[in-house]
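Descriptive structure summary
The lines below spell out each chain.
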Amino acid sequence: AAGLWTVFTLGGVGSKASSQLEQCSPLASQSLLLLLTLFYFFISDNTAFSSSNPHAFQINFNSLYTALCDQQKSDQATLLLYMLLHQNSNMRTYVLARTDIENLV
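Sequence order as written defines the numbering, with residues in each chain counted from 1. Per-residue local features are limited, in this predicted model, to residues with pLDDT of at least 70; the limit for side-chain atom pairs, both in listing and counting, is 80 or more; totals at the level of whole chains, interfaces and linings are taken over all residues. The basis for every side-chain value is the complete set of heavy atoms in the structure, and neither hydrogens nor water enter the calculation.

**Re the overall build of the chain**
Going along the chain from the N terminus, every DSSP run of H or I of four or more residues is numbered as a helix, and every run of E of two or more is numbered as a strand. Looking only at helices and strands, one finds six helices and zero strands in the chain. Helices (α) and strands (β) of the chain occur, in sequence order from the N terminus, as α-α-α-α-α-α. Accessible area is worked out with a 1.4 Å probe on protein chains only. A residue is then buried under 20% of its type maximum, exposed over 50%, and partly exposed in between. Scored against the burial criterion, the 105 residues of the chain give a buried share of 26%. Each accessible area is a Shrake-Rupley result for a 1.4 Å probe, and residues are judged covered by the shown protein chains and nothing else. Carbon together with sulfur atoms contributes 61% to the accessible area of the chain, which is approximately 7,500 Å² in total.

**A word on the nonpolar core**
Residue types Ala, Val, Leu, Ile, Met, Phe, Trp, Tyr and Cys, when buried and joined through side-chain atoms within 4.5 Å, form a set referred to as a nonpolar core. Counting residues in hydrophobic clusters, the biggest one holds 16 residues, and the most contacted among them are Leu68, Leu80, Leu84, Met91 and Leu104. Mapped by element, the contributors of at least two residues to this core are helix H3 (26-44), helix H4 (61-70), helix H5 (75-87) and helix H6 (89-97). Contact definition: two residues touch when any of their heavy atoms are within 4.5 Å. Sequence-distant contacts of Met91, defined by excluding residues within four places in its chain, comprise Phe61, Leu64, Leu68, Leu84 and Leu85.

**Remarks on H5**
Between its first and last C-alpha, H5 extends 18 Å over 13 residues, near the 18 Å set by a 1.5 Å rise per residue. Turning to H5, its buried residues number three or more, namely Gln76, Ala77, Leu80, Leu81, Met83 and Leu84. Down the axis of H5, the buried set is contained in an arc of 165 degrees. They therefore lie on one face. The span expected for a helix works out to 1.5 Å for each residue beyond the first. Throughout, the arc means the angular range of directions from the helix axis out to the C-beta atoms.

**A short note on the pattern of salt bridges**
Salt bridge criterion: a side-chain nitrogen from Lys or Arg within 4 Å of a carboxyl oxygen from Asp or Glu. Applying the stated criterion across every chain, the model contains one salt bridge. The closest approach of N and O atoms between Asp100 and Arg98, which form a salt bridge, is 2.9 Å.

**As for the confidence of the model for the chain**
With 63% of its residues at a pLDDT of 70 or more, the chain shows a mean pLDDT of 75. Per-element mean pLDDT across the chain ranges from 53 in helix H1 (residues 2-10) up to 92 in H6. What pLDDT conveys is the predictor's confidence in a given residue, as a value from 0 to 100. Ignoring residues within four places in sequence, the model shows residues 12-18, a span with pLDDT below 50, making eleven contacts including any to other chains.

**With respect to the side chain of Thr37**
Tracing the backbone shows Thr37 in helix H3. Its relative accessible area of 11% is what places Thr37 among the buried residues. Here a polar contact is taken to be a pair of N or O atoms separated by no more than 3.5 Å, where protein atoms must pair a possible hydrogen donor with a possible acceptor and residues adjacent in sequence count only if both atoms sit in side chains. Within the structure, Thr37 has its side chain in polar contact with the backbone oxygen of Leu33 (distance 2.9 Å).

Quick look at the structure:
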């Protein structure tokens, strides 16, 4: 609980006080931190989604890829990309199939 409180109040460990994402949209920054928190707890507890339908929602990989390319100066966006590439085979396949991967790198 203390780690979760730190993420919500201080923006996470090691993050810069006034990142580019926080300046343009504080809601987007807080949403990204929430996604990272949920992703972490999902990895820690795989029993949370052990239902018969593991794919409860769909995501537009193109929009996600574009947003991650735009925010790669943010530590949080880089961490989300890292977690997605290592934990989600569909996202990894999509990124590897892109012809403009230099935008991400």
